[in-house]
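What follows is the residue order along each chain.
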Amino acid sequence: MRLAGFYVFAVAIILLPILFQDNYFVTVVGISAGLHVILAVGLNLLMGYAGQISLGHAAFFGMGAYASGILTTRYAWPAPLAMFAGLTVVGLIAWLLARPILRLHGHYLAMATLGFGIVVHVIMVQATHWTGGPDGLSGIPTLDLFGWPVDSDLRWYAVVAAAMLLAIWLSLNLIDSRIGRALRAVHGSEFAAQMLGIDTGRTKTQVFVVSALFAAFAGSLFAHQQGFVSPDSFSLMVSVELVTMVVLGGMASTFGAACGAIALTLLHAGLVVFEDYEMLIHGALLMAVMIFMPQGLFVGLDQAVRRLLRRSGN
Amino acid sequence: MIAQAPSSTSALPPAKLLVVDGLEQSFGGIMALAGVSFWVSPGLIYAVIGPNGAGKTTLFNALCGFYQPSAGSIRFDGRELLGLPPHRIAAQGIARTFQNLQLFFNMTVLENVMAGCYLRTRSGLLAAALRFPKVRREEWQSREWACEALELCELTDRIEQPAGTLPYGLMKRVEIARALATRPRLLLLDEPAAGLNDTESLALRDLIERIRASGVTVLLVEHHMPLVMNVSNRLLVLDYGSVLAEGTPDEIKADQRVAAAYLGGAVQYAV
């Protein structure tokens, strides 16, 4: 049962809004968490599996959001078409960027992706004529799926949940395949990967593009769901947060990344009551997890449960 | 993602599978390989020996495309390999293991070896992500191939273990199994006996002979003299980047220059 975990997760996601009707944490925070899951699962393909860091992933998230926002408000394109156009453009930019940038390793790659994120952010702030500048872009219409307007929290929950499950399913399939093993081989040893016939440059480019597309897809949904985008949502801090989600949940695990994204989103929402102390508690919790579960929340718990089962089995 | 198919196998195997001619490789003025020439017949176990720094691993790295030699040629089954990147050379049917382990520690033993089936499968990114039926067939097929290679290397009881948890000797075997999973015509083994105890070395000798028996030509770099002398059909002796001698084990044992290069005197060849 390769996808057993996936089905359990899917059932839980479907049951949540039925069990907890009109619950703020499900229908409002849940949507935000779902978008974060798409972002984290995509970033995990690049970071966790292929071992290539990106500190500029918020840029792709933002480009997807702005593409949808600009095309629907300024040019009155239908939302699905705008989303498709956004994905195409982001895919193309990621592809052009990948070859030169992925020749770099470690800290240098981190710096380059960081720089890219900053450049895109500056453009969002400065290109006022298109993006609305620091004030952002408002009046973005909601998604309309073939005559079914996504106009309530519950409908948005359904759309984001479906998109999130699709992202997880694609990621699980990909990892457990020839391409997925090539990705992990690149991470394990580029030398050895090449001697197995894997074109490492091409493989890294592919995963970079896929990862960027996941982010742009989430960005487009975000723009239509919020009805408003501004550069603040795609700053450097957001990129760092995305990396934190992947590391917190557990690198090189699709459910780990999903778990990290959900945990961090809930944490933010839950800690709001502490007001000024929010960041303090937030930071302390992250440190505690990393000290006591360096392999990540999900992976750590998973291993602990397996150990318990084995012990009770004996 | 179309890997180059191996050239069609003719009825008669070529007399020379690998022909290296006048290979030169220098690193900042130091000639690591100073015009090395030799050829390997198919179906042989061919060993490359020499003192430390003689250029053995440099030769391997040049054969695999990790270095760009300044002169010479490397012809494999009639095709020039010089200038090809490593992944294209692998596609020609050359596989290798590494002196310092290059195992994928982020995968299980089985996954390591299944990664070796990359060239024998075709499905691309989209097909894999959407799990087309042909992907499912390929997965099943890769698993079969990987299990065959693991069986040959006597690792069947370890397949689900993370590669990093194995003892050192078995890790080296996983590397061999992974290389075999590419279905190579030429297998390069870079010091497979380094770090192994005597029992493991004997088992390794059996394994190398089984590999040859399965139709794979083996090129071996090794320091362990008893193993080399027992297992190989021919030897190439390198010293300071040049060929010092070439011949059968008996011819090499009798060669005074080889003995002088190694120890400045007699060498212990016996077990």
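Quick look at the structure, then. (Residues numbered from 1 in each chain as written. Chains lettered and ligands numbered in written order. Predicted model: local features only at pLDDT ≥ 70, side-chain atom pairs only at ≥ 80, totals over all residues.)

1. Here we look at the packing of helix α12 (residues 236–249) of chain A against helix α13 (residues 254–270) of chain A
All names here are of chain A. Between α12 and α13, the least distance of the axes is 7 Å, while the angle of their chain directions is 120 degrees. Accordingly, the angle class assigned to the pair α12 and α13 is oblique. Remark: the crossing between α12 and α13 carries right-handed chirality. Along the contact surface, α12 presents E241, T244, M245, V246, L248 and G249, while α13 presents G256, A257, A258, C259, G260, A261, A263 and L264. (Axes fitted to C-alpha atoms, helices over the stretch in contact; angles between N-to-C directions. Helix = DSSP H or I, 4+ residues; strand = E, 2+ residues; numbered from the N terminus. Parallel < 35°, antiparallel > 145°, perpendicular 65-115°, else oblique. Left-handed = near helix turned anticlockwise from the far one by under 90°. Contact = placed C-beta atoms within 7 Å.)

2. Topic: helix α9 (residues 178–188) of chain A
Within α9(A), 11 of the 11 residues are buried, which leaves it mostly tucked inside the rest of the structure. For α9(A), the complete set of buried residues consists of A:R178, A:I179, A:G180, A:R181, A:A182, A:L183, A:R184, A:A185, A:V186, A:H187 and A:G188. (Buried ≥ 20, exposed ≤ 12 C-beta atoms within 10 Å, placed from the backbone.)

3. Remarks on unusual backbone geometry
Residues and elements named next belong to chain B. Of note, the phi angle at D77 is positive, near 55 degrees, even though the residue is not glycine. Following the sequence through the fold, D77 ends up in the loop between β4 (71–76) and β5 (79–80). The phi dihedral of R183 is positive, around 55 degrees, even though this residue is not glycine. Mapped onto the secondary structure, R183 falls in the loop between α6 (168–181) and β7 (186–190).

4. Description of the sheet that holds strand β6 (residues 94–96) of chain B
Residue and element names in this part refer to chain B. The mixed open sheet is built from six strands, whose spatial order is β6-β7-β8-β3-β9-β10. Two strands in the sheet have a free side with no partner beyond their single neighbour: β6 and β10 (242–247). Between one strand and the next, the sheet's axes are offset by a mean angle of 20 degrees, whatever the strand orientation. Note: strand β3 (residues 45–49) against strand β8 (residues 217–221), four bridges, orientation parallel. When the bridges of β8 are listed, I45 appears paired with V218. Strands β3, β7 and β8 of the sheet are contacted by helix α7 (residues 198–213), whose axis makes an angle of about 150 degrees with β8. (Pairing = 2+ DSSP bridges.)

5. Quick word on the interface of chain B and chain A
Chain B puts 31 residues into the contact, and the matching count from chain A is 24 residues. Taken together, the elements giving at least two residues each to the side of chain B that touches chain A come down to α2 (86–91), β6, α3 (109–115), α4 (125–129) and α5 (133–152) of chain B. When residues in the side of chain B that touches chain A are grouped by element, the largest group, four residues, is from α2(B). Here the residues of the side of chain B that touches chain A are counted per class, giving 19 nonpolar, seven polar and five charged. (Nonpolar A, V, L, I, M, F, W, Y, C, P; charged D, E, K, R; others polar.)

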